[in-house]
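The primary structure of each chain is shown beneath.
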Amino acid sequence: MHNKTIAEISRDLAAGTYSSEEITKDLLTRVSKLDKDINSFITVTEEQALSQAKAADANRAAGNASAWTGVPMAHKDIFCTNGVLTTCGSKMLSNFEAPYDATVVTKFNDAGAVSLGKLNMDEFAMGSSNENSFYGPVANPWDKDRVPGGSSGGSAAAVAAGFVPGATATDTGGSIRQPAALCGVTGLKPTYGRISRYGMIAYASSLDQAGTITHTAEDAAMMMNVMAGFDAKDSTSVDRDVPDYTATLDNSIEGMTIGLPTEYFRDDLSADMQQQVRNAIAEYEKMGAKVKEISLPNTHLAIPAYYVIAPSECSANLSRMDGVRFGHRCEDPKDIEDLYCRSRGEGFGEEVKRRIMVGSYALSAGFYDAYYKKAQQVRRLIKNDFVTAFNDVDIIMGPVTPTPAFKRGEKTSDPVEMYLEDIFTIALNLAGLPGMSVPCGAVNNLPVGLQLIGNFFDEARLLNAGHKFQQATDWHLKTPTGI
Amino acid sequence: MEWEVVIGLEIHAQLATKSKIFSGSSTAYGAEANTQANAVDLGLPGVLPVFNEEALRMAVKFGLAIDAEIGMKSVFDRKNYFYPDSPKGYQTTQLHHPIVGMGHIDIELENGESRRINVTRAHLEEDAGKSVHEGFDGMSGIDLNRAGTPLVEIVSEPEMRTAKEAAAYFKKMHSIVTYLGICDGDLSQGSMRCDCNVSLRPKGQEEFGTRTEIKNVNSFRNVERAINTEIQRQMDILEDGGSITQETRLYDADKDETRSMRSKEVENDYRYFPCPDLLPIIIDQEYVDAIKATLPELPDAKKARFQSEHGLSLMDAAVLSSDRQLADYFEAAANISGDYKIAANWVMGDVSAALNRLEISISELPVTAEQLGRLLSLIKDNTLNNGGAKEVFNALLDGKGTDGAEGVDALVDSLGLKQVSDTGAIEEIVAQVLADNPKLVEGYLATPEEKRGKAMGPFIGLTRKAAKGVNPQVVMDVLKQKLSEL
């Protein structure tokens, strides 16, 4: 049962092939047996999952079932869940039971989904390897010595390992697409503002976006149908109609123009990786798509700009973690200064501290113009690159990562090396555009992802293009070899 | 050396919205600690602010009232600092793009002149919570009920030169925000607080001296006292050849002294940057015009009208227009009676005295404007004399009588205060008085002609004693007549 997609489970539940309680129990058993080696869950909410499953079965029996009734899934531990531990992968929140549900969580609950628990992640979503979690690193199900990517490493690994058919995730600089690529699953980061951020613990507010990790584009469309939409509680969410994302999955892509940015196919990308991506593009050409070379000339500025803007925002966003009202508090503080210093010193990990320091520096009096303001100007240039490109093409494609999954510990000594993991993904967050990672090949038996980049609010086209590719190939159906 | 004093004020006024600036919690004062603080106010992980548009409307109203530029695009910034009553670790405020730009108000000086004070800007921001240091065994408690209450911070140009001017400016701002109904103006509850920036420079010097900031002064009187105390302190230092440290000071009203709170060197770098959780506020002229149409008559306009329409003196008009409720009360009573001068005298006299004595506001006064108007009408048509009217007024203050104008009439009857103006009746009383006091009459007749006016006094007193409520003018006339006939 564990390799079924959301769509298949939804159909099976409707057909009565098995009940929600049965599949929920089955998956919970699989998690309890196998997750000790993967470490994708921080919290398994077994009791709650079973009661949700029973309620879903009862609703179905009463004739009140929708596509999601009784379908199991799990949430990245960045989403607040009422009465359930919500840690964000940090010691700082290791005792924090959120008193409310994030809007995304509420939407899945209302849709009748069954949540199995909370998924591991890099602390406060800062990282590209899931080695920055207070709850320990997550192993890649394809090779347990390798990282699953990050920060949504738990979400990607849990789906790849067959613990859940789909998981929520978030992407601030590549945190959905990169782990999806490294774990051989499908990851969608929607347009900034498409999904409510309410209840999603903020890392960098102007870049953070909730999204999906699933096996297939079709499943991503089903998750989007639940998650997308305006939320009055999030001023940055956009009030705009939400299409039925499943309705256009099978549209023909004949005549679709694919832009290939020169800057994404240079030396940073190994020949092996490049070959896999080029093969995937060739597949699209077979389906009638046209290919056009384009240029995104400011691509090289994306990482520097990101590492000013994101730390600046995080330096303020994480100030509320002060040991006063919730979260970790040091023992016997002697005064308020001591309480702040030790609570935060003990509660945050190295990478989080590094980014708070960088951000505080960038925002300091006398440095603001040179760093933060300049970075915002660069951000506009990067966005303009895409706006110009989309005048000529319908979709942009390229690699997701420069390499397949790397070994644990391989990049931990050099933060900049780690930051380069996001070289192809980070620009989209700065521009606010939607992007998707679709399994498209393998190098040394490790999955490789193809990145699809869409125009603003053009998620339906990404899902359509992803689905058509998955109809023609079977990379998304490959089972991990390490579990 | 002769010194020139330079004063600038930063006034924080709590906006009278029902809910907070970024959350749905109530802003009501005085609730049990932390009962008006939801997840957003507590700054829990994951929560987001949603801007309360009512606060915007009120801030624009204020901007229009002080003839200021309105920020058609205003932006919220985060001001970063750690303090336990600041739950997010930053205050959401407006640094570079405030909602209200340069404006001005006129203040009245004691010599009857008015002076224009420019207002640099006014911006929207959130109030902090409160730290409570008593009753927690040496620890501190945090009450976040106030956290997130909307504020406008009104920043003046450093244009005031005396503590009296500063107090007059604070008073005028109080008058304007309460007129607009955007702030309840309750100083004792901290609805309006004032930070005073004070510096001295040698007379004639252009460059400003080093300033100190006296934080959170919360009464008109204390603004004046605190500034005067601080001027003296700075002057003493400068006269001794010392220099002023730029710092924040607190005013201790009991000791009438200011003392250092923290010096500027150790103050935070606030690391302002635009709040990414809130969109810039964009408004258009239509929006501004619609608010403009709702502006009430403001204190200066009312003052001018009281002078031109009702013939009041500048000082009377200024006093009566300073408080909107007092002005409304005055005007309602005057309109009923038709006599604005008497109404002005009464409101500034007996009414104000009663308010001070009872320590209540005009809205709590037991005598309604309708009742005062009726009372004044009765004076005007000679039904009551002034003494009788005071007696009725005091009875109403004591809660006697019934509601409305009828209540006044009933009291006049029951107290037997109706003034007797009937000449025939008064003639009888006067005749009786003269008959009962032959010695006084003799004395009067022995008085030389030119001193007889004064000698009439005892007869007036006796007549009025004999019959309460006799019209004193009629008594005079009748007495003169009767005595001349003797």
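Residues numbered from 1 in each chain as written. Chains lettered and ligands numbered in written order. Predicted model: local features only at pLDDT ≥ 70, side-chain atom pairs only at ≥ 80, totals over all residues. Heavy atoms only, no water.

Novice: Account for the overall build of chain B, naming residues and giving values.
Specialist: The secondary structure content of chain B amounts to 16 helices and 15 strands. In terms of overall size, chain B is more extended than a compact globule, its C-alpha atoms giving a radius of gyration of 30 Å where 486 residues would be expected to give roughly 23 Å. Along the first, second and third principal axes, the C-alpha set of chain B runs to 95 × 55 × 55 Å. For chain B, the exposed area adds up to about 22500 Å²; of that, 49% sits on carbon and sulfur atoms. In chain B, 52 side chains carry a positive charge and 76 a negative one; their mean positions are 2 Å apart. (Helix = DSSP H or I, 4+ residues; strand = E, 2+ residues; numbered from the N terminus. Rg over C-alpha atoms; globule rule 2.2 N^0.38 Å. Areas by Shrake-Rupley, 256 points an atom, 1.4 Å probe, with all protein chains shown as cover. Lys, Arg positive; Asp, Glu negative; His and termini not counted. Charge placed at Lys NZ, Arg CZ, Asp CG, Glu CD.)

Novice: Kindly report on the overall build of chain A, identifying the contributing residues and their values.
Specialist: Scanning chain A from terminus to terminus reveals 15 helices and eleven strands. Taking 2.2 N^0.38 as the reference for a compact globule, 483 residues should give roughly 23 Å; the C-alpha atoms of chain A span a radius of gyration of 21 Å, in line with that estimate. In terms of overall dimensions, chain A has C-alpha extents of about 65 × 55 × 45 Å along its principal axes. Within chain A, the proportion of its 483 residues that are buried is 65%. Accessible surface, chain A as shown: approximately 16300 Å² in total, 48% of it carbon and sulfur. (Buried < 20%, exposed > 50% of the residue type's maximum accessible area, 1.4 Å probe, protein only.)

Novice: Give a detailed account of the nonpolar core, specifying residues and quantitative values.
Specialist: By size, the foremost hydrophobic cluster in this structure holds 143 residues, and its most contacted members are Trp68, Phe124, Tyr284, Phe386, Met397 and Leu452 of chain A. Broken down by element, this core gets its largest block of residues, nine residues, from helix α9 (residues 302-317) of chain A. Filtering out sequence-adjacent residues up to four positions away, Met397 of chain A remains in contact with Met256, Ile258, Gly259, Leu260, Pro261, Phe265, Ile281, Tyr284, Leu450, Gln451 and Leu452 of chain A. If you look at the next biggest cluster of nonpolar residues, it comprises 106 residues, including Val60, Val152, Tyr251 and Leu378 of chain B. (Core = buried A, V, L, I, M, F, W, Y, C linked by side-chain atoms within 4.5 Å. Contact = heavy atoms within 4.5 Å.)

Novice: Now, about the interface of chain A and chain B: what can you tell me, with residues and values included?
Specialist: Across the contact, 37 residues belong to chain A and 29 residues belong to chain B. Summed over both partners, the interface of chain A with chain B comes to about 2700 Å²; 60% of that surface belongs to carbon and sulfur atoms. It is Ser235, Arg320 and Arg325 of chain A that lose the most area in chain A upon contact with chain B, and together they represent 23% of the buried surface on that side. Counting the contacts that link chain A with chain B gives one salt bridge. In this structure, Asp277 of chain B and Arg197 of chain A form a salt bridge, with 3.0 Å as the shortest nitrogen-oxygen distance. The interface formed by chain A and chain B holds 14 residue pairs in polar contact (both at pLDDT 80 or more) in total. Looking at the side of chain A that touches chain B, the elements that each hand over two or more residues are α9, α10 (336-347) and α11 (350-363) of chain A. The class makeup of the residues in the side of chain A that touches chain B is 19 nonpolar, ten polar and eight charged. (Buried area = accessible area lost by both parts, 1.4 Å probe. Salt bridge = Lys/Arg side-chain N within 4 Å of Asp/Glu carboxyl O. Polar contact = N/O pair within 3.5 Å; in protein donor to acceptor, adjacent residues only side chain to side chain. Nonpolar A, V, L, I, M, F, W, Y, C, P; charged D, E, K, R; others polar.)

Novice: Run through unusual backbone geometry, naming residues and quoting values.
Specialist: All names here are of chain A. For the bond from Gly150 to Ser151, the omega torsion is 5°, close enough to zero to count as cis. With respect to the element layout, Ser151 can be found in the loop between β3 (114-119) and α5 (153-160). The phi dihedral of Asn39 falls on the positive side, at around 65°, and the residue is not glycine. Looking at the element boundaries, Asn39 is found in the loop between α2 (20-38) and β1 (41-44). One non-glycine residue, Cys88, adopts positive backbone phi at about 55°. Residue classification places Cys88 among the buried residues on the basis of a relative accessible area of 0%.

Novice: Give me a negative patch on the surface: which residues, what numbers.
Specialist: A contiguous patch of negative charge on the surface is contributed by Asp422, Glu427, Glu428 and Glu485 of chain B. Inspection of the secondary structure assignment puts Glu427 of chain B in helix α12 (residues 423-436). (Patch = residues over 30% accessible without salt bridge, like charges linked within 9 Å, V, L, I, M, F, W, Y side chains within 5 Å.)

Novice: Give a description of helix α9 (residues 369-380) of chain B that names residues and reports values.
Specialist: All names here are of chain B. Compared with an ideal rise of 1.5 Å per residue, which puts twelve residues at 16 Å, α9 spans 16 Å between its outermost C-alpha atoms and is within 8% of the ideal. Counting buried residues in α9 gives nine out of twelve residues, a clear majority hidden from the surface. If you check which residues of α9 are buried, you get Ala369, Gln371, Leu372, Gly373, Leu375, Leu376, Ser377, Leu378 and Ile379. Buried residues along α9 sit in contact with α7 (324-337), α8 (340-358), α10 (386-397) and α11 (404-414). Just downstream of α9 lies Asn382, where phi reads positive at about 70°. (Expected span 1.5 Å × (residues − 1).)

Novice: Outline the domain arrangement of chain B, listing residues and values.
Specialist: All names here are of chain B. Assigned domains of chain B: these are domain 1 (3-289), domain 2 (299-414) and domain 3 (423-485). Here the C-alpha centre of domain 2 lies 36 Å away from the C-alpha centre of domain 1. For the pair domain 1 and domain 2, the summed buried area comes to about 740 Å², and 52% of that belongs to carbon and sulfur atoms. Glu108 is the partner of Lys303 in a salt bridge, and the nearest nitrogen-oxygen pair spans 2.6 Å. Within the residue set of the side of domain 1 that touches domain 2, elements represented by two or more residues are β5 (103-108) and α2 (163-180). For the side of domain 1 that touches domain 2, the element with the most residues is α2, which contributes six residues. Tallied by class, the residues present in the side of domain 1 that touches domain 2 amount to three nonpolar, three polar and three charged. (Domains from an automatic or database assignment.)

Novice: Can you explain a nonpolar patch on the surface? Please cite residues and give values.
Specialist: On the surface, Tyr361, Phe367 and Tyr371 of chain A cluster together into a nonpolar patch covering about 270 Å² of accessible area. A relative accessible area of 33% means that Tyr371 of chain A is categorised as partly exposed.

Novice: I'd love a proper account of the sheet that holds strand β4 (residues 90-93) of chain B, names of residues and values included.
Specialist: All names here are of chain B. The sheet built from three strands is open, its strands ordered β4-β3-β14 with antiparallel pairing. Sheet topology places β4 and β14 (273-274) at the edges, where each strand pairs with a single neighbour. In this structure, strand β3 (residues 77-80) lies alongside β4, joined through four bridges in antiparallel fashion. Looking at β4, one finds that Arg78 is bridged to Thr92. (Pairing = 2+ DSSP bridges.)

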